[in-house]
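Close look at the chain arrangement
Listed below are the residues making up each chain.
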2 protein chains.
Amino acid sequence: MSEARETTTGAAAASHNDMANAIRALAMDAVQAAKSGHPGMPMGMADVATVLFRDALSFDAADPNWANRDRFVLSAGHGSMLLYSLLYLTGYPGIEIDDLKNFRQLDSKTAGHPEYGHAPGIETTTGPLGQGIANAVGMALAERMQNARLGNDLVDHYTYVIAGDGCLMEGISHEAISLAGHLGLGKLIVLFDDNNISIDGPTSLSVSDDQVARFKASGWNTLAIDGHDPKAIADALAKARADSSKPWLIACKTTIGYGAPTKAGKSSTHGEPLGDEEIKGTREKLGWSAPPFVIPENVLNAWRAVGSKGAKAHADWQKRLDAAGAEAAVALSVPAGASRKDDVAKAIAAAKQAFAADETKRATRVWSQQVLEHVTPALPELIGGSADLSPSNGTRTKHHTPIAPGDFSGNYIHYGVREHGMAAAMNGLALSGNFIPYGGTFLVFTDYCRPSIRLSALMRQRVIYVMTHDSIGLGEDGPTHQPVEHVAALRSIPHLMVMRPADAQETAECWEIALKTADRPSILALSRQAVENLRPNASPENLSERGAYVLREAEDERDVTLIGTGSELSLAVAAAEALAKDGIRAAVVSMPSMELFREQDADYRAKVLGTAPRVAVEAGVAQGWHEWIGENGRFIGMSDFGASAPAGQLYKKFGITAEAVADAARAIVKK
Amino acid sequence: MSEARETTTGAAAASHNDMANAIRALAMDAVQAAKSGHPGMPMGMADVATVLFRDALSFDAADPNWANRDRFVLSAGHGSMLLYSLLYLTGYPGIEIDDLKNFRQLDSKTAGHPEYGHAPGIETTTGPLGQGIANAVGMALAERMQNARLGNDLVDHYTYVIAGDGCLMEGISHEAISLAGHLGLGKLIVLFDDNNISIDGPTSLSVSDDQVARFKASGWNTLAIDGHDPKAIADALAKARADSSKPWLIACKTTIGYGAPTKAGKSSTHGEPLGDEEIKGTREKLGWSAPPFVIPENVLNAWRAVGSKGAKAHADWQKRLDAAGAEAAVALSVPAGASRKDDVAKAIAAAKQAFAADETKRATRVWSQQVLEHVTPALPELIGGSADLSPSNGTRTKHHTPIAPGDFSGNYIHYGVREHGMAAAMNGLALSGNFIPYGGTFLVFTDYCRPSIRLSALMRQRVIYVMTHDSIGLGEDGPTHQPVEHVAALRSIPHLMVMRPADAQETAECWEIALKTADRPSILALSRQAVENLRPNASPENLSERGAYVLREAEDERDVTLIGTGSELSLAVAAAEALAKDGIRAAVVSMPSMELFREQDADYRAKVLGTAPRVAVEAGVAQGWHEWIGENGRFIGMSDFGASAPAGQLYKKFGITAEAVADAARAIVKK
């Protein structure tokens, strides 16, 4: 273990080591105070982070939202004290030493892992490994796309990532690295904390990859350096910044828990406090005599100078923006598309009118594609894409031009067979503030990107998942491709809007909801197979917005309420018609979104659900439906995996038919 | 596009081209008949598959379950007609030409994607991309582990995989490749269908990886060949088989839809029938004059000779097995551990006794670890592991020795930070027939391996997921690490047993259920934090086995039933005690598994649930609970993501307390 070399910053009378040791001390002391956390990574990467923030990162701590700031993503989110230390040291607004003392405490800004929105300067929520590096691909892509639209004067920044062994072992890292290499995102710079330690012990227990060779194989530039040598770090960063032909991996050989006298280089520094004795020894070894949470004035001054070094660049940029005119201001406004609301509303209205005039039976995925034909020209911030299922998902329109290596002027991304990487990149695109990303795959493959969908919801990002082939209705591809439990499983995620439109009108309405709700992600669950046009007229009102509504009221008092979603709503309608012949008065309720319906007031909900017994039909599992049908209600749906056969035969095989709905109603009607 | 070269097999008067074209014809004709499917891949890989089956694969079609057969995994499962053609041509029992004619039809053996159990010779269910290659890692690992236990005479076989661009773009492929390279699984041979075509168009739209360099970086041997040159294929396979120092990638440059006159090499051959005209042209181009589903006798004979070429090796092996004694027979018996039932029952009983004598409060993850201390010596087939969270998951015991590169004699796998790769490898270990794999990570990271968990359930494999830190009770790590929706989301998967034990006794019982249920996977959701010992005595009966049971009956008729799971069951007990002071008679029901409870007869369920109003408590979302509490019941749990703070404070913050349970009960008791 080599000691970090002494270098002094020109700006202030504090050495590199003092500045790096400030991070180490804050990290070990905060973890100790919390009796919980991860000191090893911040201590190991303190040298790299110090040089990065001091010499490379273009930012202005006074304005964490400056659009042209460099992005810094701590993909190894467990090392959150590294980030919090930097936010405090460089003087981010509202981050005080008390916030570090409250690390991991209730309602603190300094959560166990960096939580987007909890403190300024946290660009994305990290902790689930590999997500940060994949978000960063989206951020770096957003930068290139904005650059193509607005030019170098307004958009020209880097995206830096610190990633650990864990991030690089996760599969999502492959998808991210491969996509970034393909697109040649040359302003993406990944600093790999190559410390050879994992929780179970040395990484040699489980991994032998040559990471440098691996990144090279995916089209990256690479460097390997001593992560405790400030000059090597500075040189590497300078080299990487000077050549934006390809993304950069800088593998930094470090010692986890650097400075700890007996624990440095060991797993024991990874995820638990060092303990008082070891902390005392670390202070001695590092020559850091300040008490816990005290940063000597010269060191703090040096760090604060780093925090304000970008102020001039920021001010110059602001002048250029002010001079650039309204178009640029709109493109950089947050939330994205805020000024296009009327245009989007008009496009949706036009789509609804056009659909009402079209009596063809189509799949909701096809109606969705037609919605996009209307909306895409009205909303340049909208960025389409698919995980290699463009023709199936209907995600691409005639208004789309693909993004390609070297050409970022388009508005459509071929994400490849990378559902997880796509979802995480979409989080990054949304976090950039200036784009509204949507991406498609089959609904069953939400399983492949679920960790990133969850983070869309946790971070409250407007990411729109266009998930087609949403039931056994996809037919012959069979159970591996037939979502049965997925709609239910997605409905369990807080804040996520799961919408399963039933026809053309609802598809347009659900798209409208997804686009206008800036603080929530959406899942659009769309059919492969053609559906009935149940609403022949275009209502000016968005009926789907309340989550459920009465599609057909019963003549006179209801005997039964039939509830359906998506492609099965037509079965409820057919059942109601059959029941009417028996003199049973059935209302039909369409419920495109349970979440939105649950959020309505009790009166509205009671009115829609009624007091008559209820039958629900959906080609998925029953889970979640008892909330709406009650203990004595009936559910017609799936209780097992699907099968491979033409769709019509599967609906019969699994008993999801209008007759079954009618029979269930007959069985519970109180007559 | 080069024509495949003529070579004749020694065994029968049919040329290589005839044999390969038989596959091509069956594939294009079956897809055409089904009006659905993927002809391009089988046509492109027909040459590779022909040489593989003819020259390399050791198998005996007459006995698809021969333990020492080479495994063949079609990771690119959409090319299912390649596999079905081979099964028919080589004469697997019960696979007739009519089965190919029924491709993708209801109840056929030939589902859209290969479904394990639907036909002999399907080693694993594939279709979701990347799963097959990751299953194969588990299979190849199982082979090495059995080899270490039983020796070369009884266990010595290869695992072959055909994977496509899609498989290699998926993140799971990285986890699989990295783990296989680390462990040096030299008898794993991957044939990459390098056809440069994806659904959206040429792969150049989305991927630029140098796959050969990528595999090399992960410690693989590599070769790149013309996938239409039979000699090159044969030579490559011979070379790979001769050197088992590292796993092998053989990149086979192929033309998708090989032989199709206008569509070969295009996306249009990937996922739809070629059409009658193109099929006619293909027949002409290939010189294949036989009508659909007719294989000329000489060609079929040649293929059937391939199917029986392994009969002698099989018979010789059987003699060695017969001579090897009872120990080997037990180790190779299916299902794994069948003869250890009594030993396992005794180990569980001993654990329950020991736990009853131990009044210490411990986390259920710790009780789980102690169960494993008892069970591991009794069940050598049980293979432990963790995705780099061994100390946290409590998956490792003093009876464990890790598997390491070059030493496969152990019984514990350090899977690394590869949840998805772990789960898929466990599927492969289970499918090998001779092992019972369990693996740990945090419950929240079931999201990272959900596609493989789903396949455990779809394939009905006994894979045991030890998922700890199962609620906000994990505390400071915060919402990224706190499962809130995961128990519900897992309960939505058919056939999966989700078990959330409440104390030491239940933890032992849930392990017993997981171990003895050979045809279902299990999730054990275990607490980070210590729980009360609610059952101080060791009951000989497994009370958890019926999914729910009355833990404390009310004195006299119930006023209310309180239902709890896991770490919250103690809150229900405390609430019942508080209610008793108010004269309210509350029964407490423990519900470790909703699935198992749902499967009980109606009488038992009615008896447990009672007719009094019900309150449920679980530190997760409400979804799914209305089935048990009814429309007027109350649920105490989570409705949002968690937060970062000490666990006790979080339970208070989110209102999950005994007082809240008691208050909810008071509000609904009919008094």
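Everything numeric in this text was worked out from a predicted model, so none of it was measured.

Take the overall build of chain A next. Within chain A one finds 26 helices and 20 strands. The globule rule puts the C-alpha radius of gyration for 671 residues at 26 Å, and the 28 Å found for chain A is close to it. If one aligns the C-alpha atoms of chain A with their principal axes, the spans along those axes are about 90 × 55 × 45 Å. Here chain A holds 671 residues, and 70% of them are scored as buried. Across chain A, the fraction of contacts at a sequence separation of at least 24, relative to all contacts at a separation of at least 6, is 78%. For chain A, the exposed surface amounts to about 20400 Å²; the carbon and sulfur share of it is 49%. Within chain A, one finds 64 positive and 79 negative side-chain charges whose respective centroids are separated by 1 Å.

The next point concerns the pattern of salt bridges. Inspection of every chain in the model, using the stated rule, returns 78 salt bridges over all chains. Asp 358 of chain A is the partner of Arg 362 of chain A in a salt bridge, and the nearest nitrogen-oxygen pair spans 2.4 Å. For Arg 362 of chain A, a relative accessible area of 21% puts it in the partly exposed group. On the accessibility criterion, Asp 358 of chain A (17% relative accessible area) is buried. Between Arg 520 of chain B and Glu 599 of chain B there is a salt bridge, with its nearest N and O atoms 3.0 Å apart. You can see Arg 520 of chain B sitting in the loop between helix H20 (504-516) and strand S14 (522-525) and its partner Glu 599 of chain B sitting in the loop between helix H22 (594-598) and helix H23 (602-609), a full 79 residues away along the chain. Take Arg 520 of chain B: its relative accessible area is 11%, and that puts it in the buried class. Via salt bridges that share partners, Glu 143, Arg 144, Asp 156 and Lys 187 of chain A belong to a single interconnected network.

Residues and elements named next belong to chain A. Compared with the 20 Å implied by 1.5 Å per residue over 14 residues, the 20 Å span of helix H12 (residues 311-324) between its first and last C-alpha is a close match. On its buried face, H12 sits against helix H13 (326-331). Just past H12, the residue Gly 325 takes up positive phi, approximately 100 degrees.

On to the packing of helix H2 (residues 40-56) of chain B against helix H9 (residues 230-242) of chain B, then. Residues and elements named next belong to chain B. Contact geometry for H2 and H9: axes closest at 9 Å, N-to-C directions at 50 degrees. Judged by the inter-axis angle, H2 sits oblique to H9. Crossing angle aside, the handedness with which H2 passes H9 is right-handed. Facing H2, whose interface residues are Asp 47, Val 48, Val 51, Leu 52, Asp 55 and Ala 56, H9 presents Pro 230, Ile 233, Ala 234, Leu 237 and Arg 241. Its residues assigned to classes, the contact of H2 with H9 comprises eight nonpolar, no polar and three charged.

The next point concerns the relation of the copies chain B and chain A. Here the two chain copies are tied together by a rotation about an axis and a shift along that axis. The transformation that overlays chain B on chain A combines an axial shift of 0.0 Å with a rotation of 180 degrees, and the residual RMSD is 0.0 Å. The superposition of one copy onto the other is thereby described by a two-fold rotation axis. Distance from the rotation axis, computed per C-alpha, reaches its smallest value in chain B at Gly 171 of chain B: 1.9 Å. With an isologous cut-off of 70% or more, the 100% of interface residues of chain B that recur at the interface of chain A puts this contact in the isologous class.

Taken residue by residue, the interface counts 98 residues in chain B and 98 residues in chain A. A combined buried area of about 8000 Å² lies between chain B and chain A, and 54% of that area is made up of carbon and sulfur atoms. It is Tyr 448, Arg 454 and Phe 641 of chain B in chain B that bury the most area against chain A; as a group they hold 9% of the surface buried on that side. Taken together, the links from chain B to chain A amount to ten salt bridges. Counting across the chain B and chain A interface gives 62 residue pairs in polar contact (both at pLDDT 80 or more). Top element by residues in the side of chain B that touches chain A is helix H18 (residues 446-458) of chain B. It accounts for eight residues. Taken together, the residues that form the side of chain B that touches chain A break down as 36 nonpolar, 38 polar and 24 charged.

Taken from the UniProt record, the annotation "active site" (unreviewed entry) applies to Glu 419 of chain A. Among the structural elements, Glu 419 of chain A can be located in helix H17 (residues 419-431).

Once that is clear, we can look at the packing of helix H14 (residues 341-356) of chain B against H20 of chain B. Residue and element names in this part refer to chain B. At a closest axis distance of 9 Å, the pairing of H14 and H20 adopts a crossing angle of 170 degrees. Between H14 and H20, the angle is such that the two are roughly antiparallel. Contacts from Val 344, Ala 345, Ile 348, Lys 352, Phe 355 and Ala 356 in H14 reach Ala 504, Gln 505, Ala 508, Glu 509, Trp 511, Glu 512 and Leu 515 in H20. A per-class count over the contact of H14 with H20 returns nine nonpolar, one polar and three charged.

With that settled, consider the UniProt feature "binding site: Mg(2+)" (unreviewed entry) in chain A. Residues and elements named next belong to chain A. The sites that carry the UniProt feature "binding site: Mg(2+)" (unreviewed entry) are, in the present numbering, Asp 165, Asn 195 and Ile 197. Spanning 33 residues, the named residues nonetheless gather at one spot, since no C-alpha pair among them exceeds 7.8 Å. As for its placement among the helices and strands, Asn 195 is situated in the loop between strand S3 (188-194) and strand S4 (197-198). Relative accessible area serves as the criterion here: at 10%, Asn 195 is assigned to the buried category. For Ile 197, the location among the structural elements is in strand S4. Sequence-distant contacts of Ile 197, defined by excluding residues within four places in its chain, comprise Asp 165, Pro 202, Thr 203, Ile 256, Gly 265, Lys 266 and Ser 267.

All names here are of chain A. Structurally, chain A comprises domain 1 (16-314), domain 2 (340-525) and domain 3 (547-670). On a C-alpha basis, the centres of domain 1 and domain 2 stand 33 Å from each other. Of the residues lining the interface, 26 residues belong to domain 1; the matching set on domain 2 comes to 33 residues. At the boundary of domain 1 with domain 2, total buried surface from both sides reaches about 2400 Å², with 67% on carbon and sulfur atoms. Contact with domain 2 buries area across many residues of domain 1, yet Met 145, Arg 149 and Glu 175 alone supply 23% of it, more than any other trio.

Right, let's get into the environment of Gln 318 of chain B. All names here are of chain B. Of note, Gln 318 is situated in helix H12 (residues 311-324). Residue Gln 318 is classed as partly exposed on the basis of its relative accessible area of 32%. For the pair Gln 318 and Ser 522, spaced 204 residues apart in sequence, the C-alpha separation works out to 34 Å.

With that out of the way, let us pick up the sheet that holds strand S9 (residues 382-386) of chain A. Residues and elements named next belong to chain A. What the six strands build is an open sheet, ordered S10-S9-S11-S12-S14-S13; its pairing is parallel. Edge positions in the open sheet fall to strand S10 (412-414) and strand S13 (497-499), since each of these has one partner strand only. Direction aside, neighbouring strands of the sheet carry axes that sit 20 degrees apart on average. Pairing geometry for strand S11 (residues 436-442) and strand S12 (residues 464-468), over five bridges, is parallel. In the strand pairing of S12, Tyr 438 is matched with Ile 464.

For the rest of this paragraph, the subject is the sheet that holds S14 of chain B. Residue and element names in this part refer to chain B. The strand order S10-S9-S11-S12-S14-S13 describes an open sheet built from six strands, whose pairing is parallel. Looking along the sheet, the strands with just one partner apiece sit at the ends: strand S10 (412-414) and strand S13 (497-499). Strand-to-strand, the axes of this sheet are offset by a mean angle of 20 degrees, without reference to chain direction. As judged from the three bridges shared by strand S9 (residues 382-386) and S10, these two strands associate in the parallel manner. Along S10, the bridge assignment pairs Gly 385 with Ile 413.

The rules behind these values
- For every chain, the first residue of the written sequence is number 1, and numbering continues from 1 along that sequence.
- Written order determines the labels here, with chains lettered from A and ligands numbered from 1.
- Since the coordinates come from a predicted model, pLDDT governs what is reported: local features require at least 70, and pairs of side-chain atoms require 80 or more to be given and counted, while whole-chain, interface and lining totals use all residues.
- To obtain the side-chain values, all non-hydrogen atoms of the structure were used and water was disregarded.
- Counting from the N terminus, the helices are the DSSP runs of H or I reaching at least four residues and the strands are the DSSP runs of E reaching at least two.
- Taken over C-alpha atoms, the radius of gyration is set against a globule rule of 2.2 Å times the number of residues to the power 0.38.
- When a residue's accessible area, from a 1.4 Å probe over protein chains only, is under 20% of the maximum for its type it is buried; when over 50% it is exposed; and in between it is partly exposed.
- We call two residues in contact when some of their heavy atoms are within 4.5 Å.
- Surface accessibility in these figures is a Shrake-Rupley result with a 1.4 Å probe; residues are shielded only by whichever protein chains are displayed.
- His is not counted here, nor are the chain ends, while Lys and Arg score as positive and Asp and Glu score as negative.
- Just so you know, the charge point we use is NZ for Lys, CZ for Arg, CG for Asp and CD for Glu.
- One speaks of a salt bridge when a side-chain nitrogen belonging to Lys or Arg is within 4 Å of a carboxyl oxygen belonging to Asp or Glu.
- To estimate the expected span of a helix, subtract one from its residue number and multiply by 1.5 Å.
- Angles here are taken between N-to-C directions and fall from 0 to 180 degrees, while the axes themselves are lines fitted to C-alpha atoms, restricted in helices to the stretch in contact.
- Roughly parallel here means an angle under 35 degrees, roughly antiparallel means over 145, roughly perpendicular means 65 to 115, and every remaining angle is called oblique.
- The crossing is said to be left-handed when, going from far helix to near helix, the turn is anticlockwise and less than a right angle, and right-handed when the turn is clockwise.
- Three classes are used, and their members are as follows: Ala, Val, Leu, Ile, Met, Phe, Trp, Tyr, Cys and Pro are nonpolar, Asp, Glu, Lys and Arg are charged, and the others, Gly among them, are polar.
- Superposition of the copies was done by least squares, using only C-alpha atoms of residues whose pLDDT is at least 70 in both.
- Using a 1.4 Å probe, buried area is obtained as the accessible area two parts lose upon being combined, added over both of them.
- The definition of a polar contact used here is a pair of N or O atoms within 3.5 Å, where within protein one atom must be able to donate a hydrogen and the other to accept one, and adjacent residues in sequence count solely through side-chain atom pairs.
- UniProt positions are given in the numbering used here, feature names are shortened, and annotations may be inferred rather than shown by experiment.
- Domain start and end points were adopted from an automatic or database domain assignment.
- Pairing between two strands requires that DSSP report at least two bridges joining them.

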